[in-house]
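These are the residues of each chain, in order.
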Amino acid sequence: MLLRLAYLGITNAFMLLRLLPGGDRDKDIEILLLRHQLAVLQRQLDGQRVRFEPVDRAWLAALLHPLPRPTLRRLRLLVRPDTVLKWHRDLIARRHAVVSRPRRRGRPRTLRSIRALVVRLARENGS
């Protein structure tokens, strides 16, 4: 999954570089073309659910999260904007869970000073 996410990131970066020298007219035409293709796809699905892979979910969530909710509602998406925001929350929660996971399993080691104190108290208290 990580490799595919990196691949998508690199290919989309190259697509962005391809768009930079183009004029606004070319970009507007491409946006209209993509919107029309999306409308055709939605018509063909006819209420069926679209299955996104985890990499696609992560990519869409990362791209669409910075947009305000009213803007998200105006976009023509295959999923509801609330779904995209839920994907983003899940992505952040998963990342936080990995980062906050303890490095070592089990009980943490006891300090030497505490160990020495316990041994001394055991020697001094014979009962």
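Attention in this report is confined to the structure presented alongside it. Keep in mind that what you see is a predicted model, and the values were worked out from it rather than measured.

A surface patch of nonpolar side chains, amounting to about 280 Å² of accessible area, comprises Leu111, Ile114 and Val118. Within the fold, Val118 resides in helix α6 (residues 112-124). For Val118, a relative accessible area of 51% translates into the label exposed.

Now for the nonpolar core. Of all hydrophobic cores here, the largest spans eight residues; its members are Phe52, Ala61, Leu64, Leu72, Val79, Val84, Leu85 and Trp87. Listing elements by their share of this core, those giving two or more residues are α3 (54-64) and α5 (81-100). No other element matches the three residues that α5 contributes to this core. For Phe52, the residues in contact, after removing those within four places along its chain, are Arg57, Leu60, Leu78, Val79 and Trp87.

Our next topic: helix α2 (residues 24-45). The terminal C-alpha atoms of α2, which comprises 22 residues, lie 31 Å apart, in line with the 32 Å expected from a rise of 1.5 Å per residue. Of all the positions in α2, only Leu38, Ala39 and Leu45 are classed as buried. Buried residues of α2, viewed axially, fall in a sector of 125 degrees; they line one side. Exposed and facing more than 90 degrees away from the buried side of α2 are Arg25, Leu32, Arg43 and Gln44. Two residues or fewer after α2 comes Asp46, characterised by a positive phi angle close to 50 degrees.

Calculation rules
Residues numbered from 1 in each chain as written. Predicted model: local features only at pLDDT ≥ 70, side-chain atom pairs only at ≥ 80, totals over all residues. Heavy atoms only, no water. Patch = residues over 30% accessible without salt bridge, like charges linked within 9 Å, V, L, I, M, F, W, Y side chains within 5 Å. Areas by Shrake-Rupley, 256 points an atom, 1.4 Å probe, with all protein chains shown as cover. Salt bridge = Lys/Arg side-chain N within 4 Å of Asp/Glu carboxyl O. Helix = DSSP H or I, 4+ residues; strand = E, 2+ residues; numbered from the N terminus. Buried < 20%, exposed > 50% of the residue type's maximum accessible area, 1.4 Å probe, protein only. Core = buried A, V, L, I, M, F, W, Y, C linked by side-chain atoms within 4.5 Å. Contact = heavy atoms within 4.5 Å. Expected span 1.5 Å × (residues − 1). Arc of directions from axis to C-beta.

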